[in-house]
Amino acid sequence: MTEQKALAPAAGLTWARMCKECGQGHEGQDSHLYDYQEEVDDELVCHICLQPLLQPMDTPCGHTYCLQCLSSFLRDQDFCPVDRQRLQLQQCRTSSLLVRNLLDKLTVLCPFHSECQQSMQRCELQPHLHNRCPAFRRLREEAERRKRPCWNELKGSKTEGESDTKSNPALTRTVNPRGPPEPGLVNPAFEEGEDEVPLRSSLVAEANVVELFRDEPEEDLGLRIVGGKDTPLGNIVIQEIVRDSVAARDSKLAPGDHILEANDVSLTSVLHGHAIAVLRRPCSVLRLTVMQEKGFKPRPEHHTHPSASPPGHPAHTLHNPGTVIQVTLVKRDRSEPLGIKLIRKSEEPGVFILDLLAGGLASKDGKLRNNDKVLAINGHDLRHGTPESAAQIIQASEVRVNFVVMRQLDTEEGGDVQSRGARRVLDTQYFRRRSTFMKDPPGGFSSQEKTVSLKKEPRQSLGITIAGGRDCRSRLPVYITSVQPVGCLHRDGTIKPGDVLLSINGVDLTQLTYNEAVSALKTQAAQSAVMLRVIRTITEEEEEDGDAANKEEMDTLENPREDDINWSPLWTRWLGLPSHMHWCRDIVLLKTNNESWGFSIVGGYEESRGQQPFFIKTIVPGTPAHFDGRLKCGDEIVAVNGATTVGMNNSSLIPMLKLQKNKVTLTVVSWPGSLV
């Protein structure tokens, strides 16, 4: 039996130096440290570090080591440390489930034993630290307070191009003070009141630290990302959160959040591809510093009761597209059920009330209704939550359960105001269609057509796999996901993953559904001569970047692994496509006279860069754009009320948006963000 040495308590550690998995202080590449409470059998001890095994690996010669220890040893040597037989890491295998379970059940002491005298199984230490340990929670909160800059500290000085009316609050709100100013950013998200005093100072944003925990180090976070210094957006922005993903289960992130750092790596002024590579790096815990919009703070003369809205929402009643209502249910005791069935919907994120059980507490109270959208429960934001997380909050609550819900107005109740359900019915006439608005791509992006002509045996396969099609969710053109070594196109070497298919033997493929494209490719590939036309987007920033490490990163991103069946091109790969390949749709927003549309934009004509498209950069919580749910960060506005935005500058588009008092129709082109 091996006696384990006692570790010094972690109470003196700073948050930055502390490992967030074991609670001890060690270098990032070193193994985790634990304070074991019992003697550990020698069979469960690594022969390199002489500590209980972590991520045990078995060698072909019958020895077991920690993965980290063995990896470090084999960087300099090529033999087993015990019997010196020839050994390579790829020959080793993960130890059996029995061995891993025995290791997980070893009893360890909380590293903060001066404040927290609990002991637990080793596999339970990390959940204990993040959910139950008071000392760990205190250090985390102190670090977040130190890292969260004051609102006034985030305000930069006016840029040279900013007008005297201060129409550029999104720049001062989100830009990192150390970085360069972003050109061309404007914000029509506010409306001026009757006294013509803009509500600029009432828009609230915070920098917060969010930690995401992966079950597997390479597990997808479930975030779709847009932006980067090589794009008009500048910042790295969350476009969408994938349902049931790591990020969705955590529920602290939201679309529109700007990512400033990832595990202490700054993402404030980096290429889009570099940011995606950083976010995809394998790790168990990913610590993100994000700038989050919290909505408008009402003017003093318009204050209402603060409990009438959830965190991050304006504290006034929204008349469109629904009304925000607060409901408090009081249970006889903690275990009494509320009698509410919660569901999710396929067409929009969030939690909805499906049914109120007859005789239940909610049904007797009578204030909640079927189809109410749950925005918050007991102060927990559920705008992008799940029924499971909502149920956990309810189960953990005391006798009072506070709901904040949004209720759609019926057309009879709301007069001229349409409910969202009514707008969804009208979506058929505003469905995505081929764009007729001709324009140039953003500066730094272009495209190049390539043609491959080859002769082949009639039964010989082209050897490509495809995805997309105008029937997919994003209405993408058909693109190549892989070029197989067995096909004739692989030998030619011209066609690459991510290339968009234009035609085969003169048959146009750009407007086909997926099945139509598959059928056309099979038919034409059966011929002995094939001429294939594709188009590829070129990004100037990446072409000029001579950094070998960055080029290696991009090669990894652009060339899918053989087992990656869900690979898709980066968001930036769509930006350079010519406008005749774009599909657009109309989004109709409705509001009252004194409300904001709720989005900020970047782009327009600039002397230094010429004409730039207008992109949605932020969407403000609690506004028509937010509650409508269809507008996304990274969407390109190609027309307003049918009038093209090509040739406009900021001073032209802002007044056009402000003139639309109750209704505006935005024609947008939307590309899916890069998945991490």
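As shown above, the structure is provided for reference.
The structure displayed is predicted, hence computed values, not measured ones.

Q: Just to check I follow, could you spell out helix α9 (residues 387-396) for this structure?
A: In an α-helix there are 3.6 residues to a turn, and that puts residues three or four apart on one side. Taken residue by residue, α9 has Pro387, Ser389, Ala390, Ile393 and Ile394 as its buried positions. One face of α9 carries all of its buried residues, which in axial projection span an arc of 165°. Turned more than 90 degrees away from the buried face of α9, the exposed residues are Gln392, Gln395 and Ala396.

Q: I'm lost on the sheet that holds strand β5 (residues 107-109) in this one. Help?
A: Sheets are built from strands that pair by backbone hydrogen bonding, the pairs being arranged parallel or antiparallel. The three strands are arranged β1-β5-β6 in an open sheet whose pairing can be described as antiparallel. Strand pairing shows two members of the sheet lacking a second neighbour, β1 (35-36) and β6 (119-121), which therefore form its edges. In this structure, β1 lies alongside β5, joined through two bridges in antiparallel fashion. Paired with Asp35 across the two strands is Leu109, which belongs to β5.

Q: Would you explain the state of the cysteines in this entry?
A: In protein structure, a disulfide is the covalent linkage between the sulfur atoms of two cysteines. Across all of its chains, the model carries zero disulfides by this definition. No disulfide involves Cys46; its nearest neighbouring cysteine sulfur is the one of Cys49, lying 3.9 Å away.

Q: Could you clarify how one ought to interpret the sheet that holds strand β3 (residues 64-66) in this entry?
A: The strand order β3-β2-β4 describes an open sheet built from three strands, whose pairing is antiparallel. Strands with a single pairing partner mark the edges of an open sheet, and in this sheet they are β3 and β4 (93-94). Against the sheet, helix α1 (residues 67-76) engages β2 (56-58) and β3, with an angle of about 90° to β3.

Q: I keep staring at the pattern of salt bridges and nothing clicks. Help me out?
A: Two side chains bearing opposite charge may form a pair once their charged atoms approach each other closely. Taken as a whole and judged by the stated rule, the model has 15 salt bridges. Between Glu449 and Arg533 there is a salt bridge, and its shortest N-O distance comes to 2.9 Å. With Glu449 in strand β21 (residues 445-455) and Arg533 in strand β26 (residues 529-539), this pair connects stretches of sequence that are 84 residues apart. Linked by salt bridges that have partners in common, Glu115, Arg138 and Glu142 make up one network.

Q: Can you walk me through the pairing of β26 in this structure?
A: Looking along a regular strand, one sees the side chains alternate between the two faces of the sheet. The pairing of β21 with β26 spans eleven bridges and is antiparallel. Bridge pairing in β26 links Lys450 to Val534.

Q: Sorry, what's going on with the packing of aromatic side chains here?
A: Remark: the centre distance and the inter-plane angle together describe each pair of aromatic rings, the angle taken between the planes. Tallied over the full model, the rule gives five aromatic pairs. Taken together through their ring pairs, the aromatic side chains of Tyr479, Trp574 and Trp671 make up a single cluster. Above the face of the Phe79 ring, Arg84 is positioned so that its terminal group lies 4.2 Å from the ring centre. The aromatic ring of Tyr34 is capped on one face by Arg122, whose charged end is 5.6 Å from the ring centroid.

Reading the values: rules and limits
- Residues numbered from 1 in each chain as written.
- Predicted model: local features only at pLDDT ≥ 70, side-chain atom pairs only at ≥ 80, totals over all residues.
- Heavy atoms only, no water.
- Buried < 20%, exposed > 50% of the residue type's maximum accessible area, 1.4 Å probe, protein only.
- Helix = DSSP H or I, 4+ residues; strand = E, 2+ residues; numbered from the N terminus.
- Arc of directions from axis to C-beta.
- Pairing = 2+ DSSP bridges.
- Disulfide = S-S within 2.5 Å.
- Contact = heavy atoms within 4.5 Å.
- Axes fitted to C-alpha atoms, helices over the stretch in contact; angles between N-to-C directions.
- Salt bridge = Lys/Arg side-chain N within 4 Å of Asp/Glu carboxyl O.
- Phe/Tyr/Trp six-rings, centres within 6.5 Å; stacked < 30°, edge-to-face > 60°.
- Lys NZ or Arg CZ within 6 Å of the ring centre and 35° of its normal.

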